[in-house]
Amino acid sequence: MKAVIANSLSKEYDGRTAVDKVSFEVDEGEIFGLIGPDGAGKTSIFRMLTTLLLPDNGTAQVCGWDVVKDWESIRNSVGYMPGKFSLYQDLTVEENLQFFATVFNTSIQENYHLIEDIYVQLEPFKNRRAGKLSGGMKQKLALCCALIHKPKVLFLDEPTTGVDPVSRKEFWEMLKKLKMQNISILVSTPYMDEASQCDRIALVQNGQILSIDAPKDLIRNYQNQLFKAKAYDRYLLLEVLKSLEGTKSYAFGEYAHISVEKGKPMDKALILHHLEANGLSQAEVDEVEATIEDCFINLLH
Amino acid sequence: MEEIVIQADKLTKKFGDFIATNAITFQVHKGEIFGFLGANGAGKTTAMRMLCGLSIPSSGDAKVAGFDVYKETESIKKNIGYMSQKFSLYEDLTVVENIRFFGGIYGLSDNEIKAKTEELVKRLGLTSVRKKLVVDLPLGWKQKLSFSIAIIHQPRIVFLDEPTGGVDPLTRRQFWELIYEAAHNGITVFVTTHYMDEAEYCDRLSIMVDGMIKALDSPKNLKEQFQVTSMDQVFYKLARQATRSE
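Numbers given to residues run from 1 along each chain, matching the order in which its sequence is written. Chains and ligands are labelled by the order in which they are written, letters from A for the one and numbers from 1 for the other. Where local features are concerned, this predicted model is filtered to residues with pLDDT of at least 70; where side-chain atom pairs are given and counted, the filter is 80 or more; whole-chain, interface and lining totals use all residues. Computation of side-chain values: all heavy atoms of the structure, hydrogens and water removed.

## A few points about the overall build of chain A
The helix count covers DSSP runs of H or I at least four residues long, the strand count covers runs of E at least two residues long, and both are numbered beginning at the N terminus. Within chain A one finds eleven helices and 14 strands. With respect to the three principal axes, the spread of C-alpha positions in chain A is 70 × 45 × 35 Å. The proportion of buried residues among the 301 residues of chain A is 52%. Intrachain contacts of chain A at a sequence separation of at least 6 include 68% that bridge at least 24 residues. Working definition: with a 1.4 Å probe on protein chains only, accessible area under 20% of the residue-type maximum means buried, over 50% means exposed, and in between means partly exposed. Here, two residues are considered to be in contact whenever any of their heavy atoms come within 4.5 Å of each other.

The structure is reproduced here in structure tokens:
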């Protein structure tokens, strides 16, 4: 059975389309990523799937249940970690966990094995109020609370936004362990580097899904020729590249990336020549393989 | 010789027993894009508040745009720009009203404000939305407008505190093009970010761990020093040593 099926799901707010006929499926035990910027419609998708928001059009099922008719069953079998910290700030770590266990008719002991790895890091602070925890710790507690009733599907809405790269890496390690326990995970993030950690990703922009693919296939399907270039003055480099016909250039780490339109003949020598003709000698140019970020930029252009 | 616009010397801030910023020493040159990195809780915000004249240090010295962070905080505030994701524009004012408001705050004359308004609206492609409330603009446009307003008074230095969170990769790059342009025109850029590819865009960067600066160099030299291929790995190697969090 599919963990999630969204079928042409749509939502409007005051005549403005937030989610526009979105369709996708999440397999059991899969980590499925919704990748896109703020305002793309990710949170509305999450809220419809967790039965907190009624769709205007389209249908969706979670664990085989309909999001409109079977909301009670869905709420009992999914865990949801909203983008905003949503625990009780004036309850302690332990009290929060106890509370969520009780609400779902279970106990901390019953499903402790699911949260053990994460909870041991929180245990030294179990008597601290949730509001006094650091960002990384809050995030770990929220994940524990979303897991304590042993959900079949986990919904994580931007769990790593504003979190530093080290804590972000640790968080993704935790998600991979949960996947091993056959929990299906729908996760959203604005960080492109996290996309490669998902089994499949949907790129979302303006309420629409631009593409759905495994990260590797997304890269394989990138059809443009792509070069990287480097020069002593990055500002000038990007300015000069703007006038290289048939290409789009953008900053990429220490390099500029040059994406060549289909059918346009281009090679290293041509680019070097263009740079030299515009006063940038001793530049470095090479052909390079696309990353997920290049794919996304290409879809946005 | 390169002109120095920020000079910090053993700059320290304590809150009770807790040393938030521990004797940091560094210089930033004119027109440089300086990245200020560190894990959550490493002490970046505290350091930045001292440099902006918003918090008096416990010990150490610093000069920003030539002004002393103990005695000349008002002069510092007049000579810097500041933008963060949390605070930037007034959402219930229009594009043009925001420009006029901040222009006034920074002491520009009416004529200067008028000229700047036209220039900004045109350059950022905001002509069709000039009378729209900022709350209705896409996040990427807001950020570009916000940055342009932060440098409307031609400050010596602009401080950017995680300016690009949550926008798409294309908008993020357009934003960085504005940063390059500002730096090219001699404005020094001091920026914090959690995006490691943006760290690569900086001329030099420092990485703070537990209140101290543990590394300071160009992205290229840092990668060589730590024998890795990306800034992400440099950051990971350093920040993993941290013993404290936020």
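## What about the overall build of chain B?
From N to C terminus, chain B includes nine helices and ten strands. For the radius of gyration, the atom set is restricted to C-alpha positions; the globular benchmark scales as 2.2 Å times the number of residues to the power 0.38. Since a compact globule built from 246 residues should have a radius of gyration of about 18 Å, the 18 Å found for chain B is in line with a globular shape. Seen through its principal axes, chain B has C-alpha atoms that stretch 50 × 40 × 40 Å. The long-range share in chain B, meaning contacts at least 24 apart out of those at least 6 apart in sequence, stands at 67%. Carbon and sulfur atoms provide 49% of the accessible area of chain B, an area that totals close to 10,900 Å². Across chain B, the 31 positively charged side chains and the 31 negatively charged ones have centroids separated by 1 Å. Areas reported here follow the Shrake-Rupley algorithm with a probe of radius 1.4 Å; residue values treat only the protein chains shown as occluding. When charges are counted, Lys and Arg contribute as positive and Asp and Glu as negative, whereas His and the chain ends are disregarded. By convention, the charge on Lys lies at NZ, on Arg at CZ, on Asp at CG and on Glu at CD.

## Re the pattern of salt bridges
Salt bridges are counted wherever a side-chain nitrogen of Lys or Arg sits within 4 Å of a carboxyl oxygen of Asp or Glu. Overall, the coordinates contain 30 salt bridges over all chains when judged by the stated rule. Between Glu158 of chain A and Lys42 of chain A there is a salt bridge whose closest N-O contact spans 3.0 Å. Of this pair, Glu158 of chain A sits in the loop between β7 (153–157) and α6 (165–180) while Lys42 of chain A sits in helix α1 (residues 42–49), and the two are 116 residues apart along the sequence. Among the residues examined, Glu158 of chain A registers a relative accessible area of 16% and is labelled buried. One salt-bridge network, in which partners are shared between bridges, spans Lys230 and Glu254 of chain A together with Glu200 and Lys223 of chain B.

## Topic: the domain arrangement of chain A
Residue and element names in this part refer to chain A. When the domains of chain A are assigned, the result is domain 1 (4–219) and domain 2 (223–300). Inter-centroid distance (C-alpha atoms) of domain 1 to domain 2 is 37 Å. For the pairing of domain 1 and domain 2, the buried interface totals around 900 Å² over both sides, and the portion due to carbon and sulfur atoms is 87%. Computed with a 1.4 Å rolling probe, the buried area is the accessible surface lost when two parts are put together, summed over both parts. Contact with domain 2 buries surface across domain 1, with Met192, Leu210 and Ile219 losing the most and accounting together for 58% of the total. Contacts described as polar in this section are N or O atom pairs within 3.5 Å, which, within protein, must combine one atom able to donate a hydrogen with one able to accept it, while residues neighboring in sequence count only if both atoms come from side chains. On inspection of domain 1 and its partner domain 2, the count reaches zero residue pairs in polar contact (both at pLDDT 80 or more). What counts as a domain boundary in this text is fixed by an automatic or database domain assignment.

## A look at the environment of Arg49 of chain B
Checked against the element boundaries, Arg49 of chain B lands in helix α1 (residues 44–51). Discounting residues that sit within four places of it in the chain, Arg49 of chain B has contacts with Leu54 and Ser55 of chain B.

## Thoughts on the packing of helix α5 (residues 139–150) of chain B against helix α6 (residues 169–184) of chain B
All names here are of chain B. Two elements in contact, α5 and α6, have axes whose closest approach is 9 Å; the angle formed by their N-to-C orientations is 10°. In terms of axis orientation, α5 runs roughly parallel to α6. In this structure, α5 contributes Gly140, Gln143, Lys144, Phe147 and Ser148 to the contact, and α6 contributes Thr171, Gln174, Phe175, Leu178, Ile179 and Ala182. In this description, a line fitted to the C-alpha atoms serves as the axis of each element, helices being fitted only across the stretch in contact, and the angle between N-to-C directions of two axes falls anywhere from 0 to 180 degrees. Here is the rule for angles: anything less than 35 degrees is roughly parallel, anything more than 145 is roughly antiparallel, 65 through 115 is roughly perpendicular, and the remaining ranges are oblique.

## Notes on the interface of chain A and chain B
Contacts between chain A and chain B engage 30 residues on the former and 29 residues on the latter. With both chains or domains summed, chain A and chain B bury close to 2,700 Å², and 60% of this area falls on carbon and sulfur atoms. It is Pro165, Val166 and Tyr235 of chain A that lose the most area in chain A upon contact with chain B, and together they represent 19% of the buried surface on that side. Between Glu177 of chain B and Lys242 of chain A there is a salt bridge, and its shortest N-O distance comes to 3.6 Å.

## Observations concerning the nonpolar core
The definition of a nonpolar core used throughout is a set of buried Ala, Val, Leu, Ile, Met, Phe, Trp, Tyr and Cys residues joined through side-chain atoms within 4.5 Å. Residues Ile271 and Leu275 of chain A together with Ile33, Leu145, Phe147 and Ile207 of chain B are the most contacted members of the largest nonpolar core, which totals 71 residues. Sorting elements by how many residues they give to this core places α6 of chain B first, with seven residues. Core analysis: the second largest hydrophobic core is formed by 52 residues, Val93, Leu97, Phe100 and Leu175 of chain A among them.

## A word on the sheet that holds strand β13 (residues 255–260) of chain A
All names here are of chain A. Pairs of strands are assigned from DSSP output, requiring at least two bridges between the strands. The antiparallel open sheet is built from four strands, whose spatial order is β12-β13-β11-β14. Strands at the two margins of the open sheet, each flanked by one partner only, are β12 (247–252) and β14 (284–287). On average, each strand axis in the sheet is inclined to that of its neighbour by 25°, with strand direction left out of account. Pairing of β12 with β13 involves six bridges; the strand directions are antiparallel. Bridging across to β13, Lys248 finds its partner in Ser259. Against the sheet, helix α11 (residues 292–300) makes contact with β11 (225–230), β12 and β13, and its axis sits at roughly 135° relative to β12, the strand it touches most.

## Focus: the side chain of Lys144 of chain B
Residues and elements named next belong to chain B. If you trace the backbone, Lys144 turns up in helix α5. Nearest to the buried, unbridged Lys144 among oppositely charged side chains is Asp168, at 8.6 Å. Side-chain polar atoms of Lys144 contact the side chain of Gln174, separated by 3.0 Å. Leaving out residues up to four positions away in the same chain, Lys144 has contacts with Leu124, Thr171, Gln174, Phe175 and Leu178.

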